[in-house]
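Analysis of the macromolecular model
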Amino acid sequence: MPPDEVTPADGDAAATAETPADGGGDDGGLSFDDDPWYRRYLRESSVHLVVILLFAAYPGVYAVLTHPSTPGNVEMVYLLPQVETMIVVLYFGLFAMSFDFISGYTGYLSFGHAAFFGVGAYFVVLTANGKVPLLASGTPFMISLLVAGVLAAVLALLIGSVSFRLSGVYFAMITLGVAQVLYVLFSNWGYVGENPRDGVAVGGSHLEGFDIGIPWIDQLNLTIGAFQGDTVQGLLGFLNFSTVEVSYYMLGVIVVLSYFTMQRIVHSPFGRVMIAIRENEERARAIGYDVFRYKMGAFAISGFFGAVAGALFAGYSRSVSPDGSFYFLVSGDALLAAIIGGFGTLGGALFGHLFHEFLREFLSKEGSGGGLLPYLRDVLSDSLLSTELYNGFTVGEFVETFLNGHAALYIGIVFVLFVLYVPNGIVGTARAYVGGTLAKQVPARFRRGGGDG
Amino acid sequence: MIDAVAALGPAAPGTLAQVDAGTVVSVLVDGLSKAAIYVMIAAGLTLIFGLMGVLNFAHGSLTMLGAYAGGLVLVVAISSGSGALTRLAVFFAAVVAVFAALTAVGAALEVTLVRPLYDRPPLYQILLTFGLTLIFDEFARMVVEFYGLQPRSAWQEAVGTKPEFLAESNAYDVAGAPVVGLDLFEIVLGVVTVAAIWGFLTRTRYGLYIRAGSEDAEMAEALGINIRRAFTVVFGVGVGVAGAAGVLLAWDTAWGASVPLGAETLLPAFVVVIIGGLGTFRGTVLAALLVGMVDGLMTYVFNSGIVEFPGLPELTVFLTLVVMLIVRPQGLAGVEEVGGH
């Protein structure tokens, strides 16, 4: 998706931002100021464009590299994440970005962020099951996604109105408390489903899939879902997409739109105030900003996108459980992604979660998605596997014990190492290295390099 | 938590008219035993926060490790033929051993991992200890699975090592209410823990250092107190108390040694510490009493069928936290400035 189509979608939230951000922020390209705005925007977004193209090409690349006729395809199956895993990276990456939006930019640790993810996910499933008043079971997915987002924004305003009087640890605790209240409520409330503790699935009254696209126009919709989504045959004559790939692209469109919206806000004057609050709230207040309003606004936006991520998750998996949505460890996963990717870098959270999911799949016990364990079973000889290490404990047992599905241990170790030695995360460290945001500095370097040569 | 009370006796069909002395006693004992557990799992957390300002997210996981370590001692040392006194003796030996081992672990963690982060924003200490939680939990799962135990459910062998007179099946009649021995045992241990920590804080030299350091760490240092060493000792002792509480939980059917025990104890410990006012031991004791009694009362309300919502006790506990933070953010015993932490 070309970024110039994205700009109108930014809408009112960023509208006030345009002039000052463009005037003040662009230090590399004086000679380009005469260019029309969209060309400047395109140039500034060239890194984004490359990342989006890489993500867009991934299913094709995966298919080619793992094709039986490609040399080295066996290793690639073990190494590369499946497209299914990349879908998780997309929606959970969006959730981690929404977490980073409030926590990384204003410095208020939203440890109960799972509340918004859960609201989004439960809202979609309950709407499809006809359990939400005023919304019929057949409500288009895009509508329930938006309503879920608005609902989460309202919830964020409610939480924020009492919790933004507090700071630091207390803010983290009150958000955690609210999320746990919702967790207990949805784990025990018989109204949501037969067995609320195990979660709810989209029931028989809603057999059709969830469509992403323009509501009510069939031609502009594609159904997402692991098993029952749409397939696309013969696009441009030669492109065929399976249900999983269609879901990947459709979720990707929403994630890209959400990312650009948040990115625009972060680079607007509103976003500058968010950073000012993080750096020195007293001073931001002294300058005359109504910091409470800015915090409330940022929290509401963050909650909105957190719920959008939850809605995408529920729309794709067609079921939701309290442990997978409202539980505090879900917020913890977002925290992991944001820290590993780079706190306060927005896009970093997506890469942080990509790393997380990659490691999880790499160390998973199932052979279907590949991973280290089946690879070792294949490669290591039987005699080596049955070699005794200590007191009847063989190499094979060692591998089973320490690698089989224990990705969380290694994620934890990597996370602790990041906290201790790479506190700025992947993207933050890269930013410090190039001296600014990657989106601005990388093209500038290319330009300078081109000029010299 | 809910199961423990189910054992307390036949649930009376609930009308207020039927509240008699027996009901009051059983709710009181249940609430107090819960308060005792809460104070034990929260005491270490509040000690560490009070002096160092570090919110230890790994606290629950360390309780879980303590529960498994204590359970191991109990299972190895107690055979089916052991008498009640032997079992009690082994239990206290396990408490001492786990306390010593985890104090060492805590001190080592402070020196190697927490210390480099003191000059960073407090957020990083939360992050670090959260990462430690992941490592400890997954490590425990790895070891437990290796020995063929089910990591998600309570370790029944360890639960089964408690002496007959403490067992849930063996209730005593107090004012017409069936009271389980283990509940009384927990109350006694809770009182002993509070007294011990109180004595440590007010009657020992290190307690003096800690109180001085909590007031003003820089001033204490200027007066010649080795505040660094005090940090290490407090982190160690705090973690040790968490582990010792775990040994007791390994005997309790409602908890038991399991990997999710870490998260299950961490959240109530946070609630208690925050309600009490971060870092004040007196507040933590008061808050544990409050939360324990609320929990006990709501468990009764659910069990007697007045409210048919199974999550009621847990829900009320978290609601208490939220309401407390709105009404009195500094906590029961906290002072105003603490809110600025």
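Residues numbered from 1 in each chain as written. Chains lettered and ligands numbered in written order. Predicted model: local features only at pLDDT ≥ 70, side-chain atom pairs only at ≥ 80, totals over all residues. Heavy atoms only, no water.

1. A closer look at the overall build of chain B
To keep things clear, this is the line we draw: A run of H or I in DSSP becomes a helix once it reaches four residues, and a run of E becomes a strand once it reaches two; helices and strands are each numbered from the N terminus. What the globule rule says is 2.2 Å times the number of residues to the power 0.38, and the radius of gyration is computed from C-alpha atoms. Burial classes follow relative accessibility: with a 1.4 Å probe on protein chains only, a residue under 20% of its type's maximum area counts as buried, one over 50% as exposed, and anything between as partly exposed. Between two residues, a contact is recorded if the distance between any of their heavy atoms is within 4.5 Å. To be clear on the numbers: accessible area is Shrake-Rupley with a 1.4 Å probe, and residue cover counts the displayed protein chains and nothing else. For the purpose of charge, His is not counted, nor are the chain termini; Lys and Arg are scored as positive and Asp and Glu as negative. The atoms used to mark charge sites are NZ of Lys, CZ of Arg, CG of Asp and CD of Glu.
Secondary structure assignment for chain B yields 13 helices and two strands. Rg of the C-alpha trace for chain B: 20 Å, near the compact-globule value of 20 Å for 341 residues, within the 12% margin. Counting every position in chain B, which comprises 341 residues, the buried fraction comes to 58%. Relative to all contacts within chain B whose residues are 6 or more apart in sequence, the contacts with residues 24 or more apart total 75%. Working note: accessible area of chain B is about 13,500 Å², and carbon and sulfur atoms make up 67% of it. Computed over 14 positive and 25 negative side-chain charges, the separation of the two mean positions in chain B equals 11 Å.

2. Points about the overall build of chain A
Scanning chain A for helices and strands turns up 21 helices and eight strands. Looking at chain A as a whole, 54% of its 453 residues qualify as buried. Partitioning the intrachain contacts of chain A with sequence separation of at least 6 by distance along the chain shows that 71% fall at a separation of at least 24. Of the accessible surface of chain A, which amounts to about 19,500 Å², a share of 63% is contributed by carbon and sulfur atoms.

3. Observations regarding a nonpolar patch on the surface
Residue and element names in this part refer to chain B. Counted only if it meets this: Patch definition: residues above 30% relative accessible area lacking any salt bridge, with like charges linked at up to 9 Å and the nonpolar side chains Val, Leu, Ile, Met, Phe, Trp and Tyr linked at up to 5 Å. For this document, the term salt bridge refers to a Lys or Arg side-chain nitrogen within 4 Å of an Asp or Glu carboxyl oxygen.
Taken together, the side chains of L28, L32, L286, L289, L290 and L332 make up a nonpolar region of the molecular surface, amounting to roughly 430 Å² of accessible area. In terms of residues, the nonpolar patch owes the most to one element, helix 12 (residues 281-303), which gives three residues. Relative to the elements of secondary structure, L289 occurs in helix 12. Classification of L289 as partly exposed rests on a relative accessible area of 37%.

4. Focus: the packing of helix 7 (residues 181-203) of chain B against helix 8 (residues 205-215) of chain B
Two numbers describe a pair of packed helices, the interaxial angle and the distance between the axes. All names here are of chain B. Going by this rule: Angles here are taken between N-to-C directions and fall from 0 to 180 degrees, while the axes themselves are lines fitted to C-alpha atoms, restricted in helices to the stretch in contact. For classification purposes, an angle smaller than 35 degrees is called roughly parallel, one larger than 145 roughly antiparallel, one from 65 to 115 roughly perpendicular, and anything else oblique. Gly is placed with the polar residues, together with every amino acid not listed as nonpolar (Ala, Val, Leu, Ile, Met, Phe, Trp, Tyr, Cys and Pro) or charged (Asp, Glu, Lys and Arg).
Look at helix 7 against helix 8: their axes get within 5 Å of each other, and the N-to-C directions meet at 80°. Considering the angle they form, helix 7 stands roughly perpendicular to helix 8. Seen from helix 7, the contacting residues are F200, L201, T202 and R203; seen from helix 8, they are R205, Y206, G207, L208, I210 and R211. Counted by class, the contact of helix 7 with helix 8 contains five nonpolar, two polar and three charged residues.

5. With respect to the confidence of the model for chain B
Put simply, the rule is: Confidence of the predictor at the level of single residues is captured by pLDDT, which takes values from 0 to 100.
Summing up the model confidence of chain B, the mean pLDDT is 86 and the portion of residues at 70 or higher is 92%. In the predicted complex, the global pTM is 0.85; the interface-specific ipTM is 0.85.

6. Looking at a negative patch on the surface
Taken together, the side chains of E215(B), D216(B), E218(B) and E221(B) present a region of like negative charge at the surface. Tracing the backbone through its elements, the reader meets E221(B) in helix 9 (residues 217-222).

7. A closer look at the interface of chain A and chain B
The parts lose accessible area when they come together, and the size of an interface is often stated as this lost area. How we decide: Summed over both partners, buried area is the accessible surface (1.4 Å probe) that two parts give up on being assembled. Any N or O atom pair separated by 3.5 Å or less is treated as a polar contact, with the protein-specific requirement of one donor-capable and one acceptor-capable atom, and with residues adjacent in sequence counted only for side-chain atom pairs.
If you look at the interface, chain A gives 43 residues, while chain B gives 45 residues. For the pair chain A and chain B, the two sides together bury roughly 4,000 Å², of which 81% comes from carbon and sulfur. Inspection of the region where chain A meets chain B yields zero salt bridges. Linking chain A to chain B there are four residue pairs in polar contact (both at pLDDT 80 or more). At the level of elements, helix 9 (168-188), helix 14 (328-341), helix 18 (395-403) and helix 19 (407-421) of chain A are the ones that each hand at least two residues to the side of chain A that touches chain B. Here the side of chain A that touches chain B is composed, by residue class, of 32 nonpolar, 10 polar and one charged.

8. Structural notes on helix 4 (residues 46-65) of chain A
Residue and element names in this part refer to chain A. The condition that has to hold: Expected span of a helix, by definition, is 1.5 Å for each gap between consecutive residues, and there is one gap fewer than residues. The term bend refers to the angle at a residue between two fitted axes, each drawn through seven residues, those ending there and those starting there.
Counted at 1.5 Å a residue, the expected span for helix 4 with its 20 residues is 28 Å, and the 26 Å between its end C-alpha atoms agrees. At Y58, helix 4 shows its strongest bend, of approximately 45°, with the proline P59 following within four residues. Taken together, the buried positions of helix 4 are occupied by V47, H48, I52, F55, Y58, P59 and Y62.

9. A word on the packing of aromatic side chains
Note on aromatic pairs: each is described by the distance of the centres and the angle between the planes. Counted only if it meets this: In summary, the pairing rule links any two rings of Phe, Tyr or Trp, Trp by its six-membered ring, whose centres are within 6.5 Å, and it sorts them by plane angle into stacked for under 30 degrees, edge-to-face for over 60 and tilted for everything else. By definition here, charges over rings are those cases where NZ of Lys or CZ of Arg is within 6 Å of the ring centre and within 35 degrees of the ring normal.
This model, assessed by the stated rule, comprises 41 aromatic pairs over all chains. With a centroid separation of 6.2 Å and an interplanar angle of 65°, the aromatic rings of F92(B) and F185(B) are classed as edge-to-face. Placement of F92(B) in helix 4 (residues 84-114) and of F185(B) in helix 7 is noted, with a sequence separation of 93 residues between them. Connected via pairs of aromatic rings, a cluster forms that spans Y91(A), F92(A), F95(A), F117(A) and F313(A). If you follow K131(A) out to its NZ or CZ, it ends over the ring of Y191(A), 5.6 Å from the centre. Above the ring of Y124(B), the side-chain terminus of R120(B) is found at 5.0 Å from the ring centroid.

10. Section: helix 11 (residues 269-287) of chain A
Residues and elements named next belong to chain A. Across its 19 residues, helix 11 extends only 14 Å between first and last C-alpha, which sits more than 12% below the 27 Å expected from 1.5 Å per residue. In helix 11, a bend of some 130° at N280 exceeds every other bend along the element. Buried within helix 11 we find G271, V273, M274, I275, I277, E281 and A284. If you follow the buried residues of helix 11, they end up packed against helix 6 (83-106), helix 10 (243-266) and helix 12 (291-317).

11. Here we look at the pattern of salt bridges
Applying the stated criterion to the full structure yields 10 salt bridges over all chains. In the salt-bridge network here, residues are joined through shared partners; they are E281(A), E282(A), R285(A) and K295(A).

12. Topic: the pairing of strand 2 (residues 177-180) of chain B
All names here are of chain B. Keep this limit in mind: The pairing criterion for strands is at least two bridges between them, as found by DSSP.
Sheet topology places strand 1 (residues 171-174) next to strand 2; four bridges connect them, and they run antiparallel. Considered in strand 2, the bridge of Y172 is made with V179. Linking strand 1 back to strand 2 in an antiparallel pair, the connection comprises two residues, with A175 at a positive phi of about 50°.

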